[in-house]
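Close look at the chain arrangement
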Amino acid sequence: MATSEAATVTATATATATAAGTETQPHKLERKWTFWFDNQSKPKQGAAWGTSLRKVYTFDTVEEFWCLYDQIFKPSRLPINADFHLFKAGIEPKWEDPECASGGKWSVTSNRKAILDNMWLETMMALIGEQFDEADEICGVVASVRQRQDKLALWTKTAANEAAQMGIGKKWKEIIDVTDRITYSFHDDSRRERSVKSRYNV
Ligand code: MGP
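Parameters and conventions
- By convention here, each chain's residues receive numbers from 1 onward along its written sequence.
- Totals for whole chains, interfaces and linings use all residues, but because this is a predicted model, local features are given only for residues with pLDDT of at least 70 and pairs of side-chain atoms are given and counted only at 80 or more.
- For the side-chain quantities, the full set of heavy atoms in the structure was used; hydrogens and water were omitted.
- Buriedness for pockets is judged along seven lines, at least five of which must meet protein on both sides within 12 Å for an open set on the 1 Å grid over protein atoms alone, while cavities are sets there where a 1.4 Å probe fits but cannot get out, and lining residues have an atom within 4 Å of a point.
- Grid points are joined across faces, edges and corners, and a volume is the space filled by probe spheres set on the points.
- Numbering of helices and strands runs from the N terminus; a helix is a DSSP stretch of H or I covering at least four residues, while a strand is a stretch of E covering at least two.
- Accessibility here uses a 1.4 Å probe with only protein chains present; expressed as a share of the type maximum, an area under 20% marks a residue as buried, one over 50% as exposed, and anything in between as partly exposed.
- We call two residues in contact whenever any of their non-hydrogen atoms come within 4.5 Å of each other.
- Helix axes use the C-alpha atoms of the stretch in contact, all axes being lines fitted to C-alpha atoms, and the angles between their N-to-C directions lie in the range 0 to 180 degrees.
- Throughout this description, any angle smaller than 35 degrees is read as roughly parallel, any larger than 145 degrees as roughly antiparallel, any in the 65 to 115 degree range as roughly perpendicular, and the remainder as oblique.
- Take the far helix as your reference; a near helix turned counterclockwise from it by less than a right angle gives a left-handed crossing, and one turned clockwise gives a right-handed crossing.
- Basically, the charged four are Asp, Glu, Lys and Arg, the nonpolar ten are Ala, Val, Leu, Ile, Met, Phe, Trp, Tyr, Cys and Pro, and anything else, Gly included, counts as polar.
- In this text, near means that some heavy atom of the residue lies within 4 Å of the molecule or strand in question.
- For the purposes of these results, a polar contact is taken to be a pair of N or O atoms within 3.5 Å, where, inside protein, one atom must be able to donate a hydrogen and its partner to accept one; residues adjacent in sequence count only when each atom of the pair is a side-chain atom.
- All accessible-area figures derive from a Shrake-Rupley calculation using a 1.4 Å probe, and residue coverage is judged against the displayed protein chains alone.
- To decide whether a molecule occupies a pocket or cavity, check its atoms: if more than half lie within 2 Å of the grid points, it is inside.

**A look at the layout of surface pockets**
Computed from the structure, the largest pocket encloses a volume of approximately 1500 Å³. Counting residues per element, the ones that place at least two in the lining of the largest pocket are strand S3 (82-88), strand S4 (104-110), helix H3 (113-128), strand S5 (138-145), strand S6 (150-156), strand S7 (183-186) and helix H5 (187-192). Ranked by the residues each element gives to the lining of the largest pocket, the list is headed by S4, at 5 residues.

As structure tokens, this is what we get:
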């Protein structure tokens, strides 16, 4: 997404949210969330990971969320090697962020665009609606479109806290309606080696 597109999104989302707010008060969320976008489809040679990662929009109302989701944030619209992220405001979707540094992620794959879109939407609604008992443990969710398989990952804060991660994993499976086993990996392992072993599964 070009900077001008991001600016248009910002203006439209604000306008729509404001228009919606003229009749009723916008519905405030428990906390602020930020949408991010990363397009690694045309990587600059030698560019370090993260150079194409862009913060797009921070919001804290239901109306802004629906407007942004509807207009932009559907993973089926992404090119190959691009990602959307929805993270708590103030947390960057990077292993290097202090809130993520000791964390990890639950992952699911999808071969069908419609399923990925649906799992992404269900997960985002659960996050902004504070549906997880361990909400403080959650950093955000990432939708990744890849040649081989699309992926969704739920990033959490304290990888070593197995009980918290198992609680989140079980709840997430219900939310996205997945019955197959899902796996949890530590960011620390990903930092060290490319083929990462899973630490927990549920
Ligand atoms: P990835 O984006 O998690 O998987 O990490 P992808 O792109 O689906 O690739 P695959 O290996 O699963 O097929 C891919 C690579 O990007 C990692 O091995 C790192 O080199 C780099 N990378 C990914 N993340 C999320 C980070 C990060 O947060 N920080 C840094 N420094 N590098 C990262």
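More follows now that the structure is in view.
**Comments concerning the environment of Trp-33**
Structurally, the position occupied by Trp-33 is in strand S1 (residues 28-39). Given a relative accessible area of 1%, Trp-33 falls into the buried group. Here the alpha-carbon distance between Trp-33 and Phe-87, two residues 54 residues apart in the chain, equals 5.7 Å. Setting aside residues no more than four positions away along its own chain, Trp-33 makes contact with Tyr-57, Thr-58, Phe-59, Leu-86, Phe-87, Lys-88, Ala-89, Leu-127, Ile-128, Glu-130 and Cys-139.

**Here's the deal with unusual backbone geometry**
A positive phi is found at Glu-130, a non-glycine position, where the angle reads about 55°. In this structure, Glu-130 sits in the loop between H3 and S5. Of the residues examined, Glu-130 reaches a relative accessible area of 22% and is grouped as partly exposed. Backbone geometry places Asp-177, a non-glycine residue, at a positive phi of 60°. With respect to the secondary-structure elements, Asp-177 resides in the loop between helix H4 (162-176) and S7.

**Structural notes on the packing of helix H2 (residues 62-71) against H3**
The angle between the axes and the distance between the axes are what describe a pair of packed helices. Their axes nearest at 12 Å, the elements H2 and H3 cross at an angle of 165°. Taken as axis vectors, H2 and H3 run roughly antiparallel relative to one another. The crossing of H2 and H3 is right-handed. Residues Phe-65, Trp-66 and Tyr-69 of H2 pack against Asp-117, Trp-120, Leu-121, Met-124, Met-125 and Ile-128 of H3. Its residues assigned to classes, the contact of H2 with H3 shows 8 nonpolar, no polar and 1 charged.

**A look at the site of the ligand**
Inspection of the region around the ligand gives Trp-49, Lys-94, Trp-95, Glu-96, Lys-105, Arg-146, Arg-148, Lys-151, Trp-155 and Arg-194 as its neighbouring residues. Taking Trp-49, its side chain carries an N or O atom lying 3.5 Å from a nitrogen atom of the ligand. Contact with the protein chains hides 70% of the accessible area of the ligand, taken as 630 Å² for the molecule alone. Applying the majority rule of atoms within 2 Å of the grid points places the ligand in the largest pocket.

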